[in-house]
Amino acid sequence: MIRIPIEKAKDTMILGKTIYKDNGTILINSGTKLKDRYIYNIKKHGITHIHIKNEESDYEEIDGIIKENTKKEAVILTKKLMSKLKLSDDIDIDKLKRVINKIIDELLSEGDILISLLKIKDIDDYTFTHSFNVCILSLVTGFCLGYNREELLSLGLGAILHDIGKMRVPSNILNKPDRLTEEEFEEIKNHTVYGYDILKDRKDISNNVASIVLYHHERVDGKGYPEGIKKEDINDFVKIVSIADVYDALTSDRVYRKKLKGQQAIEYLIAMSGTHFDYNMTNEFIKHIVVYSLGQGVELSNGEKGFVVKVNKSLPTRPTIKVVYNSNNKKLIKPYSIDLINNNRITIVDTFDNEKNVI
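Predicted model only: the values in this text are computed from it and were never measured.

Draft legend 1. Focus on empty space enclosed by the protein. With the rule as written, the count across this model stands at one cavity of 30 Å³ or more. In this model, the largest cavity occupies a volume close to 30 Å³. What lines the largest cavity is Glu 218, Arg 219, Val 220, Ile 234, Lys 239, Ser 242, His 276, Phe 277 and Asp 278. Its residues placed into classes, the lining of the largest cavity shows three nonpolar, two polar and four charged.

Draft legend 2. Main features of the packing of helix α10 (residues 207–215) against helix α11 (residues 236–250). Contact geometry of α10 with α11 gives a least axis separation of 9 Å together with a crossing angle of 45°. Between α10 and α11, the crossing angle belongs to the class labelled oblique. Handedness of the α10/α11 crossing: right-handed. Side by side, α10 and α11 meet where Asn 208, Ser 211, Ile 212 and Tyr 215 of the first sit next to Phe 237, Val 238 and Val 241 of the second. Across the contact of α10 with α11, the residue classes tally to five nonpolar, two polar and no charged.

Draft legend 3. Up close: the side chain of Ser 273. Tracing the backbone through its elements, the reader meets Ser 273 in the loop between α12 (262–272) and α13 (279–286). There is a polar contact of 2.8 Å between the side chain of Ser 273 and the backbone oxygen of Ile 270. Other than its neighbours up to four places away in sequence, Ser 273 contacts Tyr 279 and Thr 282.

Draft legend 4. Broad picture of the sheet that holds strand β9 (residues 348–352). Strand order in the open sheet formed by five strands is β8-β7-β6-β5-β9, and the pairing between neighbours is antiparallel. Strand pairing shows two members of the sheet lacking a second neighbour, β8 (331–339) and β9, which therefore form its edges. Across the sheet, the axes of successive neighbouring strands diverge by a mean angle of 35°, strand direction being ignored. With three bridges joining them, strand β5 (residues 297–300) and strand β6 (residues 305–310) adopt antiparallel strand pairing. Residue Val 298 lies in a different strand from β6, and its bridge partner there is Gly 306.

Draft legend 5. Geometry of the pairing of β6. The element β6 is extensively covered by neighbouring structure, given that five of its six residues are classed as buried. The turn joining β5 and β6, which pair antiparallel and follow one another in sequence, is formed by four residues; a positive phi near 90° is taken by Gly 303. Where β6 and strand β7 (residues 320–325) come together, five bridges link them in antiparallel fashion. Pairing of Gly 306 across the sheet is with Val 323, part of β7.

Draft legend 6. Focus on the environment of Val 220. With respect to the helices, strands and loops of the structure, Val 220 is situated in the loop between α10 and α11. Along the primary structure Val 220 and Glu 232 are separated by twelve residues, whereas in three dimensions their C-alpha atoms are 7.8 Å apart. Not counting the four nearest positions on each side in its chain, Val 220 is found in contact with Lys 230, Lys 231, Ile 234, Gly 274, Thr 275, His 276, Phe 277 and Asp 278.

Draft legend 7. Geometry of a positive patch on the surface. Taken together, the side chains of Lys 80, Lys 84, Lys 95 and Arg 98 present a region of like positive charge at the surface. Where the positive patch is concerned, the elements lending two or more residues are α2 (68–84) and α3 (93–108). With a relative accessible area of 41%, Lys 95 lands in the partly exposed category.

Parameters and conventions
- Residues numbered from 1 in each chain as written.
- Predicted model: local features only at pLDDT ≥ 70, side-chain atom pairs only at ≥ 80, totals over all residues.
- Heavy atoms only, no water.
- 1 Å grid on protein atoms, 1.4 Å probe; cavity = no way out; pocket = protein on both sides within 12 Å on 5 of 7 lines; lining within 4 Å.
- Points joined across faces, edges and corners; volume = space filled by probe spheres on them.
- Nonpolar A, V, L, I, M, F, W, Y, C, P; charged D, E, K, R; others polar.
- Axes fitted to C-alpha atoms, helices over the stretch in contact; angles between N-to-C directions.
- Helix = DSSP H or I, 4+ residues; strand = E, 2+ residues; numbered from the N terminus.
- Parallel < 35°, antiparallel > 145°, perpendicular 65-115°, else oblique.
- Left-handed = near helix turned anticlockwise from the far one by under 90°.
- Contact = heavy atoms within 4.5 Å.
- Polar contact = N/O pair within 3.5 Å; in protein donor to acceptor, adjacent residues only side chain to side chain.
- Pairing = 2+ DSSP bridges.
- Buried < 20%, exposed > 50% of the residue type's maximum accessible area, 1.4 Å probe, protein only.
- Patch = residues over 30% accessible without salt bridge, like charges linked within 9 Å, V, L, I, M, F, W, Y side chains within 5 Å.
- Areas by Shrake-Rupley, 256 points an atom, 1.4 Å probe, with all protein chains shown as cover.
- Salt bridge = Lys/Arg side-chain N within 4 Å of Asp/Glu carboxyl O.
- Lys, Arg positive; Asp, Glu negative; His and termini not counted.
- Charge placed at Lys NZ, Arg CZ, Asp CG, Glu CD.

Take a look at the structure:
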């Protein structure tokens, strides 16, 4: 199975993963043979990427750590709550707590957790999936740090609500594709305070949750906003969410720039640890991120190309690759698998767009 832009979809391709509508109902089931009218309908729903079955990158699919229905429920609920904020501050936090508790239950049932953002980035509405992604990334980090359920609930709630104040920022500024003016940037920065003002007096919101919303753009060297506080005054929940927030933003397409590859985003976090981000929290965060997801096309240091067929939990940066192309980009008659943990001389030097090399 590979993930391709919908523009590359062709008649007779087999859909590898069920596609859902915004309201959570099924649009097209996995296993369906695509037709032109199906492709048109997918585009009409604003879906930019789909998964298709492909024998060259075939692998045993591993279920995501969060069930599909739970993911859809969380994103749809977040969208409803945030949209309601444009009219009123009266939002149902209890519903959000229930879905976060469901996410926590699913995490707790996993044991050894690795997370791939390609598995949680299947919905294409950035505003709301960003909040969900940051929630999942933060919860995984908190889980691996040994947080109890109460702590995980506060961390997850603060993470999913961290950008709630953006509902108070004019949309023409929030979605502006060009460089912001100084005044516009200051208005964007105000979203932290707007969010805090919405939540600070609610009895169903803890101080930890409100702090995440207010301080998630603070940096350990004191050069963040809104208050410029330093490492010793930033609580651990905020430190985690700030890392997750930046990582997800860097690996997402935005109106003003293209996304970075996973390895590039990890390298940025490492470079900024100790100044922007807490050093220890950054190390804990990147331990559980799968940089090369199942089905990802990769180029090896010997010039050969293939697809990730297994993620090695002990060392996610050294997966098992099914090599399909030789160094001259010619298709091998007999593809073979190579476990990079046992082949230290071979490294991944780049990733490639599957559709350019396979379709």
